[in-house]
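Geometric and topological summary
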Amino acid sequence: MLAVDKDSSDYLYRQVVDLISDNIESGALMPGDRLPSLRRMSHRIGVSIPTVRQAYVELERQRRVQSRPQSGFYVRGLPTNELVRPSPAFRRSARPIPVIGRSLMDRVYDGLYTPGVVPFGIANPCMVKPAAKALHRTMKRIMARAQERSLAYAPTLGEAGLRRQIAYRYLDTVGGKIDPDNICITNGGQEALLLALQAVAGKGDVIAVESPTYHGLLELIDSLGMLAIEVETCPEEGISLSALRKTLEAHPVKACMFATTLSNPLGVSMPEEMRQELVEMLEAHGVVLIEDDVYGDLLFDGHRPKPAEFYSRSGSVLTCGSFSKTIAPGYRIGWLIAGQYIDQIVQLKRSFSCSSGLLQQLTLSEFLATGDYDRYLKTLRPELQCNAERMSAMVAQHFPRETRTSKPVGGSVIWLELPEKVDSEMLFDLAIEAGISIAPGLIFSPCNRYRNFIRLSFGHPWSRQIEEGIEWLGRNVAAIAAGN
Ligand SMILES: Cc1ncc(COP(=O)(O)O)c(C=O)c1O
């Protein structure tokens, strides 16, 4: 049968609308898929380009597809209002506590490195489209040019060219000025967080974290003998400023560790006006902010909000960045904008790790300078967005109806609230046995909240194995929820 019937009394554009809608309903076109270009579609089904355009515009009006500038038309995921977001963190107020649950974190990490597992447990966005060839080419050029110098120690503060490139990116993307000599290159974002925490706090101090928060922060707080206090978040804006105010009034908080852009696991970003309010509130209380900004470049819409750093008057905000999420986790290159703590940071960096790998720094510096980094990000973000929409659609299809799903605006993870009966630790054990890794909700809280939550990563090339993994999880969550 022909796709369109020119003898039918139905308008041709309506027939094209029906054709695309049928394909979406049958699953032949998935959320995130790009529709054929106007020219290609017109050629394929033998109708004019204006007719195809009229059909695509109608599908956009019906909110079934979305046009993206200079890119084309894409099948939409579920409209935001059809996704019920996970419930806010908790209603009871929290108190400072030592972190528990390190042994479950160990098991989660072991699971990640088991060969062949479906890797839903690791947040590794750039692996959706690895830039290995381009980076290797750059590194080869650097090795040929730098000769023996590429084997040398880097300065403790980091290679000057890379620090200048990082400072220039802040100027270029958010119009903010950073002194390259206030940037210390680190072994990934994790070392930046560690150095910052050690510079501003000591054993027994109270550190405020978002609830839920990135488990790596909790491991640091625990390793340094500090106490964590959770602050409530809201699923649209991240940290709740009113909850934070109450916490600051009631407890002797030394520092806050918050992700302002794309918190992990919620995947939300704090609006810019709230960042200013946050910094003013903390400065009024004499509390330091350690800002985790490792996902800053990965908002789907490409707009990079100003880090809280730029609202600080006193230099009491330290911002941690990294190239792990955007280009090469194995290079272990991150950075710390150290504010007034730069001297302590340099001493700490020298005593712990001397400096970070020079060859990786020279390679990244060149990758940024040539514009390759920005070009790569432009291809990475739509890929991640497409996967986010596919994963949300599959969760909606295969998980029990009561499941609530976050609506990430960037990055590579979604956060799911499962029916109450589901214990995420038990689900983790079952899934690992079936060759699937997940991040159980318990590890995102210092006191094992979020028992019926999980975090899933969509930062991998989409494949049948990924789809089967989601189907498996959905089936098993449904069985546990039904008491089977
Ligand atoms: C929120 C957050 N901060 C920091 C890090 C650590 O980054 P890196 O791999 O650069 O050490 C991660 C890594 O998962 C993360 O998710």
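Residues numbered from 1 in each chain as written. Predicted model: local features only at pLDDT ≥ 70, side-chain atom pairs only at ≥ 80, totals over all residues. Heavy atoms only, no water.

1. A word on the packing of aromatic side chains
Scanning the entire structure with this criterion turns up nine aromatic pairs. Considering the side-chain rings of Phe323 and Trp335, the 4.9 Å spacing of their centres and the 50° angle between planes classify their relative orientation as tilted. Of the two residues, Phe323 sits in the loop between strand S10 (317–322) and strand S11 (334–337) while Trp335 sits in strand S11, which places them twelve residues apart along the sequence. What makes Phe323 buried here is its relative accessible area of 2%. We classify Trp335 as buried; its relative accessible area is 6%. Note that Arg68 overlies the ring of Tyr74, its terminal NZ or CZ placed 4.0 Å from the centroid. (Phe/Tyr/Trp six-rings, centres within 6.5 Å; stacked < 30°, edge-to-face > 60°. Helix = DSSP H or I, 4+ residues; strand = E, 2+ residues; numbered from the N terminus. Buried < 20%, exposed > 50% of the residue type's maximum accessible area, 1.4 Å probe, protein only. Lys NZ or Arg CZ within 6 Å of the ring centre and 35° of its normal.)

2. With respect to the domain arrangement of the protein
Often, the extent of an interface is quoted as the loss of accessible area upon association of its parts. If you check the domain split of the protein, you get domain 1 (12–75), domain 2 (80–90 + 105–128 + 379–481) and domain 3 (132–374). Residue-level contacts link seven residues of domain 1 with eight residues of domain 2. Summed over both sides, the interface between domain 1 and domain 2 buries roughly 580 Å², with carbon and sulfur atoms accounting for 48% of that surface. Looking only at domain 1, the three residues that lose the most surface to domain 2 are Met30, Pro31 and Arg68, adding up to 66% of its buried area. Scanning the region where domain 1 abuts domain 2 turns up two salt bridges. The salt bridge involving Asp33 is made with Arg390; its shortest N-O contact spans 2.4 Å. (Domains from an automatic or database assignment. Contact = heavy atoms within 4.5 Å. Buried area = accessible area lost by both parts, 1.4 Å probe. Salt bridge = Lys/Arg side-chain N within 4 Å of Asp/Glu carboxyl O.)

3. As for the pairing of S10
Counting buried positions over the six residues of S10 gives six, a clear majority of the element. Of the two faces of S10, the one holding Val317, Thr319 and Gly321 and the one holding Leu318, Cys320 and Ser322 are both buried throughout. Relative to S11, S10 is paired through four bridges, and the arrangement is antiparallel. By the bridge assignment for S11, Cys320 is matched with Leu336. (Pairing = 2+ DSSP bridges.)

4. A word on the pattern of salt bridges
Scanning all chains against the criterion turns up 23 salt bridges. As a salt-bridge pair, Arg449 and Glu230 come within 2.7 Å of each other at their nearest N and O atoms. You can see Arg449 sitting in the loop between strand S15 (439–440) and strand S16 (453–457) and its partner Glu230 sitting in strand S6 (residues 227–234), a full 219 residues away along the chain. The class for Arg449 is buried, based on a relative accessible area of 16%. Assessed through its relative accessible area of 4%, Glu230 is described here as buried. Among the salt bridges present, the one from Asp372 reaches Arg375, with a minimum N-O distance of 2.8 Å. Taken together, the residues span about one helical turn, with Asp372 and Arg375 both in helix H13 (residues 372–398) at a distance of three residues.

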